[in-house]
Amino acid sequence: MPYKVIVAGATGLVGSLLVAQLLPDPAIAEVLVLVRKQLSIQHKKLKQLVIDFDRLEDYQAEINGDAIFCCLGTTRKKTPDLKLYRKIDHDYPLELAKIGAKNSIRQFHYISSLGANTKSFAFYTRLKGETERDLKTLQIPSIYIYQPSFLVGNRKEKRFGERFGIRLAKLINPFLIGRLRKYRSISAAVVAKAMLNQSLKNNAGIYTYPSDQIKKLA
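Read on for an overview of the structure. (Residues numbered from 1 in each chain as written. Predicted model: local features only at pLDDT ≥ 70, side-chain atom pairs only at ≥ 80, totals over all residues. Heavy atoms only, no water.)

1. Comments concerning the pattern of salt bridges
Spelled out, the test is: Any carboxyl oxygen of Asp or Glu within 4 Å of a side-chain nitrogen of Lys or Arg constitutes a salt bridge here. Only DSSP runs of H or I reaching four residues or more are called helices, and only runs of E reaching two or more are called strands; each is numbered from the N terminus. Here's how the labels work: a residue is buried when its accessible area is under 20% of the maximum for its type, exposed when over 50%, partly exposed in between, all with a 1.4 Å probe on protein chains only.
Summed over the entire model, instances satisfying the criterion amount to eight salt bridges. Between Lys87 and Asp54 there is a salt bridge, with its nearest N and O atoms 3.4 Å apart. Of this pair, Lys87 sits in helix 2 (residues 82-102) while Asp54 sits in the loop between strand 3 (46-50) and strand 4 (67-70); the two residues are 33 residues apart in sequence, bridging distant segments of the chain. Residue classification places Asp54 among the partly exposed residues on the basis of a relative accessible area of 44%. Where Glu130 meets Arg86, a salt bridge forms, and the shortest distance between an N and an O atom there is 2.6 Å.

Quick look at the structure:
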C-alpha cells in the first residue's frame, strides 16, 4: 500500500535528491518535508511544514507517517560553534527519532558517515558515532544507518576544497580495492536511491551500511 514519508534536510545534497526520487515513486502516497522556509518545488504528493527545529516537539502531531528520512547536517565552515554543530548533527536527529517513536513510526533512516565511532579523535566522526549510538536505543521497528564516504554531487553552495576532493577521488578511486573499496567516493544520488529502496522493504531491526554496501543497495 502507498505510504507517507517525512524528510528532514530536504534542501541538502542527499535530501534534495531523495525528495526528487520519492515524489514520482508509485509506492509513496505523500512526502512531508520539514523545512525552515518554503521550497520552490511543487508536486501533488508534496506537503511542506515550516518549522523551528529548536521546537520540534511542537510539531509532534504533524510528524506522523510510515518512515522518517533524516538528512540533516552541517559543516564547520557554516557552523563554527561546536555546540550549535552538535545540536544540528546530534540533537535534532535524535529528537526527530523520539517523536517518530512516540508516533509509532515504522522506519527511521539516518545519514551518518564512514568512520563514525564514539571513540574517534575527530569531532565529526565521533559526533556521528554518538548519534548512531543514541538512535539505536529507541523503540523503532526499523532503523537504517547509512555511512557514505566522500559525497559527490551538485551542491547549491560551491566549496573549493570539495572541488579539489572530487578531482582527487577520481584519481585514487581505481586504487581503492578490497577492504579499501568502502573509501571510494560515492554519488549522493546513489545514497538517495539506496534509502528509497530500503524503505520499500518490510525489514525489522537495525541496519548499518558502509559506503561500499550502499552502492549495492541502489
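Back to the write-up after that little detour.
2. What to know about helix 2
Each α-helix winds once per 3.6 residues, and so residues spaced three or four apart point in a common direction. Spelled out, the test is: Here the expected length of a helix is defined as 1.5 Å per residue gap, with one fewer gap than residues. Note on bend: at a given residue it equals the angle between the axes fitted to the 7 residues ending there and to the 7 starting there. For this analysis, residues touch if any pair of their heavy atoms sits within 4.5 Å. N or O atoms within 3.5 Å of each other form a polar contact, as long as, within protein, one can give a hydrogen and the other can take it, and as long as residues adjacent in sequence are counted only when both atoms are side-chain atoms.
The end-to-end C-alpha separation of helix 2 is 29 Å, in line with the 30 Å expected for 21 residues at 1.5 Å each. Of all the bends found along helix 2, the most pronounced is centred on Ile88 and spans about 35°. Regarding helix 2, the residues found buried are Tyr85, Ile88, Asp89, His90, Tyr92, Pro93, Leu94, Leu96, Ala97, Ile99 and Gly100. Turning to helix 2, the residues buried within the fold contact strand 1 (3-8), strand 2 (28-35), strand 4, strand 5 (107-111) and helix 3 (123-135). For helix 2, the capping residue at the N-terminal end is Asp81, with a side-chain oxygen 2.9 Å from the backbone nitrogen of Lys83. Within two residues after helix 2, Ser104 carries a phi angle of roughly 60°, on the positive side.

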